[in-house]
Amino acid sequence: MEPFDTYRRPSRGLRPMEPWQRYLPLFPWVVGLILALWLLSDTTYTVLPYEQAVVLRFGKFHATTMPGLHFKVPLIDQVMKVSVEEHGLRLPFGMASRTENPINAPDRTEEETLMLTGDLNTASVEWTVQWKVTDPSQFLFRFPVDENDRFAENVLTTVARTVMNQIVGDYSFDEVIGAKRSDIAFNARADSQRILDAYACGITVTALQMQRVIPPDRVKPAFDKVNAAIQEKQKLENEAEATRNKLIPEARANRDKLIRDAEGYADRRRAESSGEIEALLAKYHAYERAPEITRQRLYLEAMQEVLQGVKNKTIIDSELKQLLPLLNLDAKGETSR
């Protein structure tokens, strides 16, 4: 008789076997197979590209693994995965949910953004913080995990707001809303990172940018008028500077022209003077050699120069014995002796 027959010999007084009892011998093998598959699946784990995993062995830190497929000891090693991708916070509304727009949130008021500046004015300051986990083991062991997994963001928000209030208090109102915004953002990022490093929480602030930095709504109209006056002042200064830049080159060009004209006139006068001096010296030397001839020549040259400008010329000779002692020099083709 086969061992799994449904009926046994009646002579032994045994009852027939139930159908499920036929598979009882296979039950340990099925349980063993399931347990082996479970243990086999528990020996590997996968870390996604934006994650890192912290491996605990007997409850103590063992290693940090990078993205990929890894092996672990079943029932002994525990794997805790941490997202290392970059996160963002819009402050001072860091407590807002991930899907909520902090600016349009109904429970947010302007008073939460007000900060006291160094000259005892108030400014509405908003900024963003980009951060990520760089040491998963410190991040997991330093921060308890609440029901929403937001404890790290709460700590970062508190640190960033504390640092920003302190730094804004070191600058005047005009500096906060104007030229010193980049300096404030740089110093706030450095100081926030310094505090987080002191906490050894495994977080790195990758970027901090100033967003809206404006005066409170109650003083905004007066501030707009001041800005309009400043812009008008800058406009007039720019126009004056443009006029100055136009007139100065013209004045310099005119100056250079006058200087060149004066230099040319001076050179010409020096040349003329030199020529006149040389002519006088030549006449003087000629006079020394022949005084009478030179005197007569000079007289004739002088009379020629004088008479050239006279249109009608009449010369009277006192030694002439005729009736009319006149010599008409303007008559053409005639000669009188």
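Residues numbered from 1 in each chain as written. Predicted model: local features only at pLDDT ≥ 70, side-chain atom pairs only at ≥ 80, totals over all residues. Heavy atoms only, no water.

Comments concerning the pairing of strand β2 (residues 51-57)
- With six of seven residues buried, β2 is to be regarded as a mostly interior element.
- Two strands pair when backbone bridges link them, and β2 and strand β5 (residues 77-83) are joined in this way by seven bridges, in the antiparallel orientation. Across the sheet, V54 pairs through a bridge with M80, a residue of β5.
- Here β2 folds back onto strand β3 (residues 60-65) in antiparallel fashion, the turn holding two residues, of which F58 has a positive phi close to 55 degrees. (Buried < 20%, exposed > 50% of the residue type's maximum accessible area, 1.4 Å probe, protein only. Helix = DSSP H or I, 4+ residues; strand = E, 2+ residues; numbered from the N terminus. Pairing = 2+ DSSP bridges.)

Describing the nonpolar core
- Judged by nonpolar contacts, the single largest core of 39 residues is most densely connected at V125, W127, V129, F139, M164, I203 and M210.
- Within the residue set of this core, elements represented by two or more residues are β2, β6 (87-91), β8 (122-133), α2 (136-142), α3 (151-168), α4 (173-177), α5 (181-199) and β9 (203-214).
- Ranked by residue count, the leading element in this core is α3, at nine residues.
- Discounting chain neighbours no more than four positions away, the residues touching V129 are H87, G88, L89, L91, L156, A160, V205, A207 and L208. (Core = buried A, V, L, I, M, F, W, Y, C linked by side-chain atoms within 4.5 Å. Contact = heavy atoms within 4.5 Å.)

Looking at the side chain of T65
- Secondary-structure assignment places T65 in strand β3.
- Within the structure, T65 has its side chain in polar contact with the side chain of Y45 (distance 3.3 Å).
- Apart from residues no more than four positions distant in its own chain, T65 is found in contact with Y45, V47, Q52, A53, V55 and H70. (Polar contact = N/O pair within 3.5 Å; in protein donor to acceptor, adjacent residues only side chain to side chain.)

A closer look at the pairing of β6
- Side chains H87, L89 and L91 of β6 all project onto a buried face; the interleaved residues G88 and R90 project onto a face where none is buried.
- Where β6 and β8 come together, five bridges link them in antiparallel fashion. Residue pairing in the sheet places L91 in a bridge with W127 of β8.

Thoughts on the environment of V82
- Residue placement: V82 occurs in strand β5.
- Taking relative accessible area as the criterion, V82 reaches 5% and is therefore assigned buried.
- Along the primary structure V82 and E51 are separated by 31 residues, whereas in three dimensions their C-alpha atoms are 5.5 Å apart.
- Excluding anything up to four places from it in sequence, V82 contacts Y50, E51, Q52, V133, P136, F139 and L140.

As for the sheet that holds β5
- Here three strands make up an open sheet; going across it, the order is β3-β2-β5 and the pairing antiparallel. Strands with a single pairing partner mark the edges of an open sheet, and in this sheet they are β3 and β5. Strand-to-strand twist across the sheet, computed as the mean angle between neighbouring axes with direction ignored, equals 25 degrees.
- Of the pairings in the sheet, the one linking β2 to β3 comprises five bridges and is antiparallel in character. The partner of V54 across the bridge, within β3, is T64. (Axes fitted to C-alpha atoms, helices over the stretch in contact; angles between N-to-C directions.)

Things to note about the packing of helix α6 (residues 220-289) against helix α7 (residues 291-307)
- For the pair α6 and α7, interaxial distance at closest approach is 6 Å and the crossing angle is 135 degrees. Judged by the inter-axis angle, α6 sits oblique to α7. Contact residues: α6 offers K283, A286, Y287, E288 and R289, while α7 offers P291, T294, R295, R297 and L298. (Parallel < 35°, antiparallel > 145°, perpendicular 65-115°, else oblique.)

Here's the deal with the pattern of salt bridges
- Counted by the stated rule, this structure contains 14 salt bridges.
- Across the pair K220 and D224 runs a salt bridge whose closest N-O atoms are separated by 3.5 Å. Placement of both K220 and D224 in helix α6 is noted, with a separation of four residues, approximately one turn of the helix.
- Given a relative accessible area of 37%, D224 falls into the partly exposed group. (Salt bridge = Lys/Arg side-chain N within 4 Å of Asp/Glu carboxyl O.)

Focus: the packing of α3 against α5
- In the contact formed by α3 and α5, the axes pass within 9 Å of each other and the chain directions differ by 135 degrees. Regarding the angle of α3 to α5, the classification is oblique. In this structure, α3 meets α5 at a crossing whose hand is right-handed. Residues L156, V159, A160, V163, M164 and I167 of α3 form the contact with α5, whose own contacting residues are I184, N187, A188, D191, S192, I195, L196 and Y199.
- When the residues that make up the contact of α3 with α5 are grouped by side-chain class, the tally is 11 nonpolar, two polar and one charged. (Left-handed = near helix turned anticlockwise from the far one by under 90°. Nonpolar A, V, L, I, M, F, W, Y, C, P; charged D, E, K, R; others polar.)

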